[in-house]
Amino acid sequence: MTLHDLLFLAGAGLLAGVVNALAGGGTLVSFPALLALGYPGLTATVTNSVALWPGYLGGVLGYRAELRGQRRRAAVLSVTAVLGACGGSALLLLTPGRLFESLVPWLVGFASLGLLAQPWLRKHLGGEEGGRTSRLVYAGVFVGGLYGAYFNGGMGVVLLTVLGMFLHDDLHRVNAVRAMLSLVISSVSVIAFSLFGPVHWPAVAVIAPASLAGGFLGTRVARLMPPAVLRGVVVVFGLGVAIALAVR
């Protein structure tokens, strides 16, 4: 690996960490970077998933204040996320998944539009009543875990849309739970791919610390945005992700 390659991957990892902390979709930065350097598709996918894990950790650490008082909520939803992530990891390692790949752009696109219509959807679909969370949120988090472990580009958009519909809370606090679930899903992927996938560890060693720094930076940027602005940024970025996935 040349010095140019090292700098290229480090820059991609930093930007991917920032994007994942803001909204999710950093994979669309780091994954193409790995492909551009000649890594095969499956190797690039599993290497990218492992390398971005520190960025998700950085996002959670950056959202420590917003996560206070949400430990039980995050823990319960994390169990569902783990189940979905186990299924997504198995899908990637054991099947070609052509049909699933074709559905990914539509899933991210609908999630982005769903986030835009979040207030209306939350009103009509229900949410937390009497301290209890609608069961529909668990189905949505399971799908988010399945998709995130399989190919996590836009995973944050999917999760934030689901959580925003059913959790009646400030968007920054909801985004903090989204960051925690993203870390949980990524952790399952890291374990599965490290044991059974063709991970290229030198690339991980370059991207991982850069994505950690990007995760910290991204949470600082997100915290400065009013909720309406943050929602708009995620929607625009999510639609961009859907279009990029559709034409790749």
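Refer to the structure above for everything that follows.
The model shown is predicted, which means the values in this text are computed figures rather than measured ones.

Thresholds, definitions, all that
- Residues numbered from 1 in each chain as written.
- Predicted model: local features only at pLDDT ≥ 70, side-chain atom pairs only at ≥ 80, totals over all residues.
- Heavy atoms only, no water.
- Helix = DSSP H or I, 4+ residues; strand = E, 2+ residues; numbered from the N terminus.
- Buried < 20%, exposed > 50% of the residue type's maximum accessible area, 1.4 Å probe, protein only.
- Contact = heavy atoms within 4.5 Å.
- Areas by Shrake-Rupley, 256 points an atom, 1.4 Å probe, with all protein chains shown as cover.
- Salt bridge = Lys/Arg side-chain N within 4 Å of Asp/Glu carboxyl O.
- Axes fitted to C-alpha atoms, helices over the stretch in contact; angles between N-to-C directions.
- Left-handed = near helix turned anticlockwise from the far one by under 90°.
- Nonpolar A, V, L, I, M, F, W, Y, C, P; charged D, E, K, R; others polar.
- Core = buried A, V, L, I, M, F, W, Y, C linked by side-chain atoms within 4.5 Å.
- Arc of directions from axis to C-beta.
- Expected span 1.5 Å × (residues − 1).

A. Structural detail: the overall build of the protein. A count of helical and extended segments in the protein gives 13 helices and 0 strands. Each helix and strand of the protein, ordered N terminal to C terminal, gives the series α-α-α-α-α-α-α-α-α-α-α-α-α. The burial tally for the protein puts 55% of its 248 residues in the buried class. Summarising the internal contacts of the protein: among those between residues at least 6 apart in sequence, 84% fall at separations of at least 24. For the protein, the exposed area adds up to about 10900 Å²; of that, 72% sits on carbon and sulfur atoms.

B. Structural view of the pattern of salt bridges. Under the defined criterion, the tally for this structure stands at 2 salt bridges. When the shortest N-O distance is used, the salt bridge between R73 and D169 registers 3.2 Å. In this pair, R73 sits in helix α6 (residues 71-94) while D169 sits in the loop between α10 (155-166) and α11 (171-196), placing the two residues 96 residues apart along the sequence. R73 sits in the buried class, given a relative accessible area of 19%. Its relative accessible area of 25% is what places D169 among the partly exposed residues. Among the salt bridges present, the one from R173 reaches D169, with a minimum N-O distance of 2.9 Å. Each of R73, D169 and R173 takes part in salt bridges that share partners, so that together they form one network.

C. Expanded view of the packing of helix α1 (residues 3-22) against helix α12 (residues 201-223). As a packed pair, α1 and α12 sit with axes 6 Å apart at the nearest point and diverge in direction by 35°. Handedness of the crossing formed by α1 with α12: right-handed. For the contact of α1 with α12, the residue count by class is 15 nonpolar, 7 polar and no charged.

D. Geometry of the environment of G69. Checked against the element boundaries, G69 lands in the loop between α5 (64-67) and α6. Accessibility expressed as a relative area gives 80% for G69, which makes it exposed.

E. Molecular detail of the nonpolar core. Ranked by internal contacts, the top residues of the largest apolar core, which has 58 residues, are L77, V141, L163 and L181. If one sorts the elements of this core by residue count, α11 sits on top with 13 residues. For L77, the residues in contact, after removing those within four places along its chain, are V137, Y138, V141, L163, L167, V177 and L181.

F. Up close: the side chain of S30. With respect to the helices, strands and loops of the structure, S30 is situated in helix α2 (residues 27-36). Judged by its relative accessible area of 0%, S30 falls in the buried class.

G. Main features of α2. Burial in α2 covers these residues: T27, S30, F31, A33 and L34. The buried residues of α2 all sit within an arc of 155° when viewed along its axis, so they share a single face. On its buried side, α2 packs onto α1, α3 (41-51) and α12. Positive phi shows up at G38, right after α2, with a value of about 95°.

H. Quick look at α6. Counted at 1.5 Å a residue, the expected span for α6 with its 24 residues is 34 Å, and the 34 Å between its end C-alpha atoms agrees. Among the residues making up α6, those that are buried are R73, A74, L77, S78, T80, A81, G84, A85, G88, S89 and L92.

I. Local environment of the side chain of T45. Position of T45 relative to the elements: it lies in helix α3. Not counting residues within four places of it along the chain, the set of residues in contact with T45 comprises F31, L92 and Y150.

J. Broad picture of the packing of helix α4 (residues 53-62) against α12. Running from N to C, α4 and α12 point in directions that differ by 35°, and their axes come no closer than 7 Å. Read as a crossing pair, α4 and α12 show a hand that is right-handed. On α12, the residues touching P54, G55, G58, G59, L61 and G62 of α4 are A208, S211, L212, G215, F216, T219 and R223. Of the residues in the contact of α4 with α12, the class split is 5 nonpolar, 7 polar and 1 charged.

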